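# Residue-level structure breakdown
What follows is the residue order along each chain.
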Amino acid sequence: MYDEESVNEIPMPTGDAWFEDLHYCIEAQLLGGKTGERGCATVPFYEGPPGVAKTAKVEQYVPWVYKYGSEVLGIAHPRAKVNIHILSQSDNVDIGGAIAPDFENNTIKRMIPDDILGLNDCEDYDIVINFIDEVSNTTPSMLSAIASVIEDGQIFGKKKAPNCVFVLAGNRPQDGTGSIKMPRQLMDGRLVHKPMTVDADEWIDWSVREDLHIKAVAPIRWKKELLYRYDPKTKGPNQTPRGWHKASNLLYIIPEDKTEAIARAVTGCIGAGAYAEARGFWDHSEHLALFEEVIADPNRCACPEVGTDPSAVSGQQAMGSNIAYHLQQMRQNKQFLSRTDAGAIMTYLNRFEGEISMWATRLCGDTNEDLKNCQEYSAFMERNKDLMILNS
């Protein structure tokens, strides 16, 4: 737990806007708890694909609010606690309670646990945050109980603690996790909808603070797309921030010379494709250039040399993939690739081994049509007709 003497030394999570938005929602809930006003709750609902660090971000609010304080509570350094509730496709007694016979009164009563109402922790902490995850993957009866507690501050007549607040999270229907579209009675007026995405720069800053293994962080610094790519139809795991974190934990444990064990473990965390690119980076990082270096000096910037190291094939493939990624970002952001920059890219790709050079050139050209409009691209294709047939 933090103390007031060390408050200025607390490492702060990046992305102030994200935490400010969460803070305002929590402050409004705390104000409602003080006034007892019905229907005033402003409960945020973070919706996004799996593995984007929804839980981790909410947990990082604890040091954030301790440092910046709560105006509603009038406390400079409030102590907060996050209780995590993970729902499933069945009723959860932690939220909806359980029906039990009352033999003394010859009736049936519903027993509601204190935890979901913040009653167990309300005296020890200034803010009790009940984080309810997988809310879009649960039953109608659970959603009714959640609606009751966030709207009325009670479940079946049992009231929550005034300093108990709620944060909800779940996946989207298109994520292939069995999630449903959230009911309108919750989405319209009872929840504050917050779409959740991945910010690679924030994750990199966080990973440095948390001392994640350099082998997990360095490839993402080089190619930010490696952090997250989600496709519900993928066989095996997708690459996610959560997966990279677990890969980091394993990389600290497995000896470096146990390469096959590392391959199996990391592949199990982030998938075969992401591992292949990460492995290419690990093996040839000193020979891999940044995209900006390719544009600035394509003849002299770093490039894996297959002639002296046959294993550099994976390094050249990694470079081709990274250049294509940047070209895709430019197209999506409606940025024009100048003929000068296109020529620099083609000069660099010409340094690759024959078939890899053709593969990378076609990949980059198909990703961004501006590359195909430069003279060097046409000349390359004319010179390498035979390779084009082999790669078609």
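Our structure is the block above this text.
About the thresholds
- Residues numbered from 1 in each chain as written.
- Predicted model: local features only at pLDDT ≥ 70, side-chain atom pairs only at ≥ 80, totals over all residues.
- Heavy atoms only, no water.
- Helix = DSSP H or I, 4+ residues; strand = E, 2+ residues; numbered from the N terminus.
- Buried < 20%, exposed > 50% of the residue type's maximum accessible area, 1.4 Å probe, protein only.
- Contact = heavy atoms within 4.5 Å.
- Areas by Shrake-Rupley, 256 points an atom, 1.4 Å probe, with all protein chains shown as cover.
- Phe/Tyr/Trp six-rings, centres within 6.5 Å; stacked < 30°, edge-to-face > 60°.
- Lys NZ or Arg CZ within 6 Å of the ring centre and 35° of its normal.
- Disulfide = S-S within 2.5 Å.
- Expected span 1.5 Å × (residues − 1).
- Pairing = 2+ DSSP bridges.
- Axes fitted to C-alpha atoms, helices over the stretch in contact; angles between N-to-C directions.
- Parallel < 35°, antiparallel > 145°, perpendicular 65-115°, else oblique.
- Lys, Arg positive; Asp, Glu negative; His and termini not counted.
- Salt bridge = Lys/Arg side-chain N within 4 Å of Asp/Glu carboxyl O.
- Polar contact = N/O pair within 3.5 Å; in protein donor to acceptor, adjacent residues only side chain to side chain.

The next point concerns the overall build of the chain. Along the backbone of the chain there are 18 helices and 9 strands. Here the chain, with 392 residues, has 48% of them falling under the buried criterion. Put simply, of all contacts in the chain between residues at least 6 apart along the chain, 71% involve residues at least 24 apart. Carbon together with sulfur atoms contributes 49% to the accessible area of the chain, which is approximately 19,700 Å² in total.

In this section: unusual backbone geometry. Glycine aside, residues mostly have negative phi, and peptide bonds are mostly found in the trans state. A positive phi is found at E134, a non-glycine position, where the angle reads about 60 degrees. Tracing the backbone through its elements, the reader meets E134 in the loop between β5 (127–133) and α5 (140–152).

All right, on to the packing of aromatic side chains then. Tallying each qualifying case throughout the model produces 10 aromatic pairs. Between W18 and Y46, the aromatic rings sit 4.9 Å apart at their centres with planes inclined by 25 degrees, giving stacked as the arrangement. Here W18 is found in helix α1 (residues 16–35), whereas its partner Y46 is found in strand β1 (residues 43–47), with 28 residues between them in sequence. As far as the burial class goes, W18 and Y46 line up, both buried. Measuring from centroid to centroid gives 5.5 Å for Y348 and F352, while their planes differ by 75 degrees, and the two rings are edge-to-face. This pair shows no difference in class: Y348 is buried, exactly as F352 is. One aromatic cluster is present, formed by W18, F19, Y46, Y61, W64 and Y68 through successive ring pairs. Taking NZ or CZ as reference, K57 lies 4.8 Å from the ring centre of W18, over its face. Sitting over the ring of W282, K215 keeps its end group 5.0 Å from the ring centre.

Here, disulfide denotes a covalent bond that connects the sulfur atoms of two cysteines. In this structure the tally under the stated criterion is 0 disulfides. Here C303 stays free of any disulfide, with the sulfur of C301 as its closest cysteine sulfur at 7.2 Å. C303 gets classed as buried once you look at its relative accessible area, which sits at 4%.

Attention shifts here to the environment of V52. Positionally, V52 belongs in the loop between β1 and α2 (54–59). Residues V52 and R242, 190 residues apart in the sequence, show an inter-C-alpha distance of 6.8 Å. Residue contacts for V52: discarding those within four places in its chain leaves M196, V198, Y228 and P241.

Turning next to helix α11 (residues 272–284). Here α11 spans 18 Å end to end across 13 residues, near enough to the 18 Å set by a 1.5 Å rise per residue. Listed in full, the buried residues belonging to α11 are A274, Y275, E277, A278, G280, F281, W282 and H284.

Taken in spatial order, the 5 strands of this open sheet run β2-β5-β8-β1-β9, and their pairing is parallel. Pairing within the sheet leaves two strands with one partner each, and these edge strands are β2 (80–86) and β9 (191–195). Across the sheet, the mean angle separating the axes of adjacent strands is 25 degrees when strand polarity is ignored. As judged from the 7 bridges shared by β2 and β5, these two strands associate in the parallel manner. When the sheet's bridge partners are listed, V82 is paired in β5 with I129. Running over the sheet, α1 touches β1, β5, β8 (164–170) and β9 and is turned about 145 degrees from β1.

Let us look at the packing of helix α8 (residues 214–222) against helix α9 (residues 241–253). Where α8 meets α9, the closest approach of the two axes is 8 Å, and the angle between their N-to-C directions is 135 degrees. When the axes of α8 and α9 are compared, the pair comes out oblique. Two secondary-structure elements touch here, α8 through K215, A216 and I220 and α9 through W244, S248 and L251.

This part is about the packing of α1 against helix α3 (residues 61–68). Here α1 crosses α3 at 80 degrees, and the two axes come no closer than 11 Å. It follows that α1 is roughly perpendicular to α3 by the angle criterion. Together, D16, F19, E20, L22, H23 and I26 of α1 and Y61, W64 and V65 of α3 make up the contact between the two elements.

This part covers the side chain of S207. Within the fold, S207 resides in helix α7 (residues 200–209). With near-sequence residues (within four places) excluded, S207 lies in contact with L212 and V217.

This part covers the side chain of D370. In this structure, D370 sits in helix α16 (residues 369–372). Although D370 is buried, it forms no salt bridge, and the closest oppositely charged side chain is R339 at an N-O distance of 8.5 Å. Polar contacts involving the side chain of D370 include one to the main-chain amide nitrogen of L337, which spans 3.2 Å. Apart from residues lying up to four places away in sequence, D370 is in contact with Q335, F336, L337 and A342.

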